[in-house]
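# Fold and contact review
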Amino acid sequence: MSSSSLRYPPLWNRVGSVWYRHLRVYSQNLISNALPPFLEPLIFLVGIGVGLGQFIGRMDGVPYIEYLASGLLVTTAMFTAAFECSFGTYIRLEFDKVYDGMLAAPITVTNLLVGEVLWAATKGLVFSLTVLIIASVFGILNPATAALAPIVGFMTGAMFGAFGLVATSIVNNISQFNFLFSGFLSPMFFFSGVVFPISRLPAVVRPLAEVLPLTHPVRLARAIALDRLEPIIVWDVAYMLIVTVGLTILAIVRLRRRLVD
Amino acid sequence: MCFKLAVACPSILPEANHRREKIGVSSSGVHVYLYGMQNPVISVEHLFKSYRKVRAVLDLNFEVFPRTCVAFLGPNGAGKTTTMKMLYGKAAPDGNPKTKITVFGTDPRRDELSIKAIAGVAPQEENLDLELNVVQNLRIFANFYRMRGRAATARIEELLRFMELSEKRTARVRELSGGMKRRLIIARALLNRPRLLILDEPTTGLDPQVRRLIWEKLHNLMKTEGVTILLTTHYMEEAYQLADNIVIMDKGRKVIEGEPRRLLSDNIEKYVLELLDPSLQARVEHNGNLNGCRKDGDAQRVLYYSEDLQSLERLSAEIKQRDYIIRESNLEDLFLQTTGRRLNELQ
Ligand SMILES: Nc1ncnc2c1ncn2[C@@H]1O[C@H](COP(=O)(O)OP(=O)(O)O)[C@@H](O)[C@H]1O
Ligand SMILES: [Mg+2]
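Residues numbered from 1 in each chain as written. Chains lettered and ligands numbered in written order. Predicted model: local features only at pLDDT ≥ 70, side-chain atom pairs only at ≥ 80, totals over all residues. Heavy atoms only, no water.

## Here's the deal with helix α11 (residues 232-259) of chain A
An ideal rise of 1.5 Å per residue puts 40 Å on 28 residues; α11(A) measures up with 39 Å between its terminal C-alpha atoms. For α11(A), the full list of buried residues reads I233(A), D236(A), Y239(A), M240(A), T244(A), L247(A), T248(A), A251(A), I252(A), L255(A) and L259(A). (Helix = DSSP H or I, 4+ residues; strand = E, 2+ residues; numbered from the N terminus. Expected span 1.5 Å × (residues − 1). Buried < 20%, exposed > 50% of the residue type's maximum accessible area, 1.4 Å probe, protein only.)

Rendered as structure tokens:
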């Protein structure tokens, strides 16, 4: 056996083909997959932004609807990515057994899970872009200044994708993800500066908001969308990078035990 | 690769596990063999695997030589699947310093990618994308092997023809029968033109026609393309039909191994009388006289073995035709003899 026949596809192909698999399966039922997460921020924007906006007027120096829209740029990215890498990953792992098939092809556990995170990031990017387009069409946000905000959506997707994978490595059954969504992600939505600034939180809980993962993409997206770049966003970027890499490594270590007998 | 020439009378050639190819017969009638030195595709020594308290594989040793088919035969829970998984990195063996595993000269613990790039694996459980159609499923996997565009399409069409799935090209996997899904999984394992096929229970639960079709396809692959095949089964007929070498496993251990026909001729009498009603024993064994036959069996049935058909016929002389069967012994009998249990018995 000559050693030249022992060639396997390069890293980008291995990770990329995992990503491609998800894209194909997802786009097979595009309407039912993409419509609900698309409508969610829209309803929120109309219901809360327009309704409540009449009473609030301005927040943090901008009209309330603008404040809210700049926060919503990343929340759908968070929810879809977390959903994809919790319920989605769990079903692929335990029910459909698709990973058993995929790991028979020349990819490693690490390739597979990095592919998952990249796919979640891609969904984050797309949904962030959708919110931006809607907000721009309604004249709420200026697309010229906010054009880079979907990159924050990508980073948000990656971070919460990795977060979902870690959750997947912990749960014993699929219903336990309800704790993640109802017990953590949904409450966090209200305490991360999406609907009101964290500076309005009681002083004792304010440091807590600084630890919550959603605070950082929200502040970052808003800084870009409203063109208010401040030094603190360096901390936000660093937080997101470190947490994403850390959670991804943790997920790989923990899920390897489930994927390799 | 190194070769060793042996010039010898066939009868004194070392048999062992080594494959040999006859390359000629000299004028003096001496057979000339090229033997033994073709490197095995798979070589496993002292393989152990435990899942907490369960000892799934215990000190397993085996080799698989190029262009041959080796079948792992054994009841559920014997450790067949676990063994297959350890060959391509899907399961991690216990850390035993004596353990050696090489597949195409590569240790899967060190480099699973090189192995998976030239092997095709069809795992035991179905793991297709149910929402996608047949071609889409294959296309996704073609991408894993970096096959795209026309080359991928051509290979996919070729495999659909080979596995007789062309008509189902655009059918959703959800709509396929069990046999079609299994054929699709095998087709998927063939995308990269593998030199080694690892098939975990490729025909379990399929009807006899489909099973035969799959056997024929596997046989073709081996004979025309020189693919090496490692498969697991709990159908003795499958092992007997396809395999050059059978490894019978039970409770994590290799019980016995060999070329199917020799395995039987070396280890068990040629014929067997099977009593379907154990209460007839007394009438068969006139006063404990077994007529030189050997007795075996369990609560449900009694078996008498003999090299000599007439002895069995004499034993059965006094019972009704429908209460017994006389037949050639098979691997099932061998398994029963070595383990005291039946192949399809649930553990
Ligand atoms: N992932 C696992 N976790 C725990 N035990 C396992 C696992 N996989 C297999 N086993 C156990 O290991 C033994 C061998 O199983 P397996 O290799 O699947 O046998 P076979 O394929 O011959 O039916 C069985 O007792 C089985 O219950
Ligand atoms: Mg099995």
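There's more to say after this.
## Observations regarding the pairing of strand β7 (residues 100-103) of chain B
All names here are of chain B. Here β7 shows one buried face, formed by I101 and V103, and one open face, formed by K100 and T102. Bridge count between strand β4 (residues 42-51) and β7: four bridges; the pairing is antiparallel. Note that in β7 the partner of S43 across the bridge is T102. (Pairing = 2+ DSSP bridges.)

## A short note on the site of ligand 1
Close to ligand 1 lie D261(A), Y51(B), V54(B), A56(B), P75(B), N76(B), G77(B), A78(B), G79(B), K80(B), T81(B) and T82(B), which account for all nearby residues. Ligand 1 sits at the junction of chains A and B, each of which supplies nearby residues. Taking G77(B), its main chain carries an N or O atom lying 2.6 Å from an oxygen atom of ligand 1. Contact distances for ligand 1 include 2.5 Å between an oxygen atom and a side-chain N or O atom of T82(B). Surface burial for ligand 1 is 66%, taken as the share of its 560 Å² of free accessible area covered by protein chains. (Near = heavy atom within 4 Å. Polar contact = N/O pair within 3.5 Å; in protein donor to acceptor, adjacent residues only side chain to side chain. Areas by Shrake-Rupley, 256 points an atom, 1.4 Å probe, with all protein chains shown as cover.)

## Quick word on the coordination of the magnesium ion (ligand 2)
T81(B) (OG1) and Q124(B) (OE1) make up the full set of protein donors to the magnesium ion (ligand 2), lying at 1.9 to 2.2 Å. Of this pair, T81(B) sits in helix α1 (residues 80-87) while Q124(B) sits in the loop between β8 (119-122) and α3 (134-144), placing them 43 residues apart in sequence. (Donors = N, O, S within 2.8 Å, 3.2 Å for Na, K, Ca; no water.)

## A word on the packing of helix α3 (residues 64-95) of chain A against helix α8 (residues 177-190) of chain A
When two helices pack together, their arrangement is given by the angle between the helix axes and by the axis-to-axis distance. All names here are of chain A. Running from N to C, α3 and α8 point in directions that differ by 170 degrees, and their axes come no closer than 12 Å. In terms of orientation, α3 lies roughly antiparallel with respect to α8. Listed contacts from α8 to L72, T75, M78, F79, A82, F83, S86, F87 and Y90 of α3 are F177, N178, L180, F181, L185, S186, M188 and F189. (Axes fitted to C-alpha atoms, helices over the stretch in contact; angles between N-to-C directions. Parallel < 35°, antiparallel > 145°, perpendicular 65-115°, else oblique. Contact = heavy atoms within 4.5 Å.)

## Comments concerning the interface of chain B and chain A
Many analyses report the size of an interface as the accessible area lost when the parts associate. Every contact between the two is made by 37 residues of chain B and, on the other side, 33 residues of chain A. Of the roughly 3,200 Å² buried between chain B and chain A on both sides combined, carbon and sulfur atoms contribute 60%. When the area that chain B buries against chain A is broken down by residue, the three leading residues are K90(B), L113(B) and F144(B), summing to 24%. If you look at where chain B meets chain A, you find three salt bridges. We note a salt bridge from D100(A) to K90(B), for which the minimum N-O separation is 3.2 Å. Between chain B and chain A we count 13 residue pairs in polar contact (both at pLDDT 80 or more) in total. (Buried area = accessible area lost by both parts, 1.4 Å probe. Salt bridge = Lys/Arg side-chain N within 4 Å of Asp/Glu carboxyl O.)

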